[in-house]
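Spelled out, the chains give:
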Amino acid sequence: KRREEDEKRRRKEEEERRMKLEMEAKRKQEEEERKKREDDEKRIQAEVEAQLARQKEEESQQQAVLEQERRDRELALRIAQSEAELISDEAQADLALRSLDSYPVTSKNDGTRPKMTPGPAVLATKAAAGTKKYDLSKWKYAELRDTINTSCDIELLAACREEFHRRLKVYHAW
């Protein structure tokens, strides 16, 4: 009878040990699965955050490009408008000169027409056209724009405006 009890107790202990081992193995497996899930979630979270950061960066770059294009367009329009005003001023000066030519005025002294001196705007444009002080054909649009926006040198500004307008004409002709 004692043997049976010992046998029973031994089986019971073995069963308990086996159950403990199974439970421990099951707990370890669940722990590994939980860690694996957490790692996967962290990895996915990091990927999502990285993608959002990339999208935000691309969006800010695109916004900056659009803003720069808007500024360039405004600058081109301002230059074209000031160039048009300059051209209209020259046209008016030419008209005035032509109207004077059509009605020749003779001098009281010797019967010849008095010499006309060109206006300051005409002289300035002729001087700018005659002496190309700056070679701006190699400059980038951004350099022209920055120079126009920041320079105080009137001759350089006029040369930049002229180059910008020339490029604008080429672009519109294209």
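Overview of the structure. (Residues numbered from 1 in each chain as written. Predicted model: local features only at pLDDT ≥ 70, side-chain atom pairs only at ≥ 80, totals over all residues. Heavy atoms only, no water.)

**Some points on the overall build of the protein chain**
Next, step 1: Broken down by element type, the protein chain carries 4 helices and 0 strands.
Next, step 2: Taken from the N to the C terminus, the helices and strands of the protein chain come in the order α-α-α-α.
Next, step 3: A total of 174 residues make up the protein chain; the buried ones form 12% of that total.
Next, step 4: When contacts within the protein chain are restricted to residue pairs at least 6 apart in sequence, those whose partners lie at least 24 apart make up 53%. (Helix = DSSP H or I, 4+ residues; strand = E, 2+ residues; numbered from the N terminus. Buried < 20%, exposed > 50% of the residue type's maximum accessible area, 1.4 Å probe, protein only. Contact = heavy atoms within 4.5 Å.)

**What to know about the packing of aromatic side chains**
The geometry of an aromatic ring pair is captured by two quantities: the separation of the ring centres and the angle between the planes.
Next, step 1: Scanning the entire structure with this criterion turns up 1 aromatic pair.
Next, step 2: Judged by centre distance (5.7 Å) and plane angle (85°), the ring pair of Tyr 141 and Phe 164 falls under edge-to-face. Here Tyr 141 is found in helix 3 (residues 141-150), whereas its partner Phe 164 is found in helix 4 (residues 154-173), with 23 residues between them in sequence.
Next, step 3: Judged by relative accessible area, Tyr 141 falls into the partly exposed class, the value being 41%. (Phe/Tyr/Trp six-rings, centres within 6.5 Å; stacked < 30°, edge-to-face > 60°.)

**Digging into the layout of surface pockets**
Next, step 1: Approximately 270 Å³ is the volume attributed to the second largest pocket.
Next, step 2: Around the second largest pocket sit Asp 72, Arg 73, Ala 76, Leu 77, Ala 80, Tyr 141, Phe 164, Arg 167, Leu 168, Tyr 171 and His 172, which together line it.
Next, step 3: Split into classes, the residues belonging to the lining of the second largest pocket amount to 7 nonpolar, 1 polar and 3 charged. (1 Å grid on protein atoms, 1.4 Å probe; cavity = no way out; pocket = protein on both sides within 12 Å on 5 of 7 lines; lining within 4 Å. Points joined across faces, edges and corners; volume = space filled by probe spheres on them. Nonpolar A, V, L, I, M, F, W, Y, C, P; charged D, E, K, R; others polar.)

**Concerning the side chain of Thr 147**
Next, step 1: On the secondary structure map, Thr 147 appears in helix 3.
Next, step 2: Judged by relative accessible area, Thr 147 falls into the buried class, the value being 13%.
Next, step 3: Among all residues touching Thr 147, those that are not within four sequence positions of it are Trp 139, Leu 156, Leu 157 and Cys 160.

**Re helix 4**
Next, step 1: Between its first and last C-alpha, helix 4 extends 28 Å over 20 residues, near the 28 Å set by a 1.5 Å rise per residue.
Next, step 2: Of all the residues in helix 4, the buried ones are Leu 156, Leu 157, Ala 159, Cys 160, Glu 163, Phe 164, His 165, Arg 167 and Leu 168.
Next, step 3: For helix 4, the N-terminal cap is Asp 153; the gap from its side-chain oxygen to the backbone nitrogen of Glu 155 is 3.3 Å. (Expected span 1.5 Å × (residues − 1). Polar contact = N/O pair within 3.5 Å; in protein donor to acceptor, adjacent residues only side chain to side chain.)

**Description of the packing of helix 3 against helix 4**
Next, step 1: Packing of helix 3 against helix 4 leaves a shortest axis separation of 9 Å and a crossing angle of 140°. The angle between helix 3 and helix 4 falls in the class oblique. Two packed elements cross with a definite hand, and for helix 3 against helix 4 that hand is left-handed. Side by side, helix 3 and helix 4 meet where Tyr 141, Leu 144, Thr 147 and Ile 148 of the first sit next to Leu 156, Leu 157, Cys 160, Arg 161, Glu 163, Phe 164 and Arg 167 of the second.
Next, step 2: Per-class residue counts for the contact of helix 3 with helix 4 are 7 nonpolar, 1 polar and 3 charged. (Axes fitted to C-alpha atoms, helices over the stretch in contact; angles between N-to-C directions. Parallel < 35°, antiparallel > 145°, perpendicular 65-115°, else oblique. Left-handed = near helix turned anticlockwise from the far one by under 90°.)

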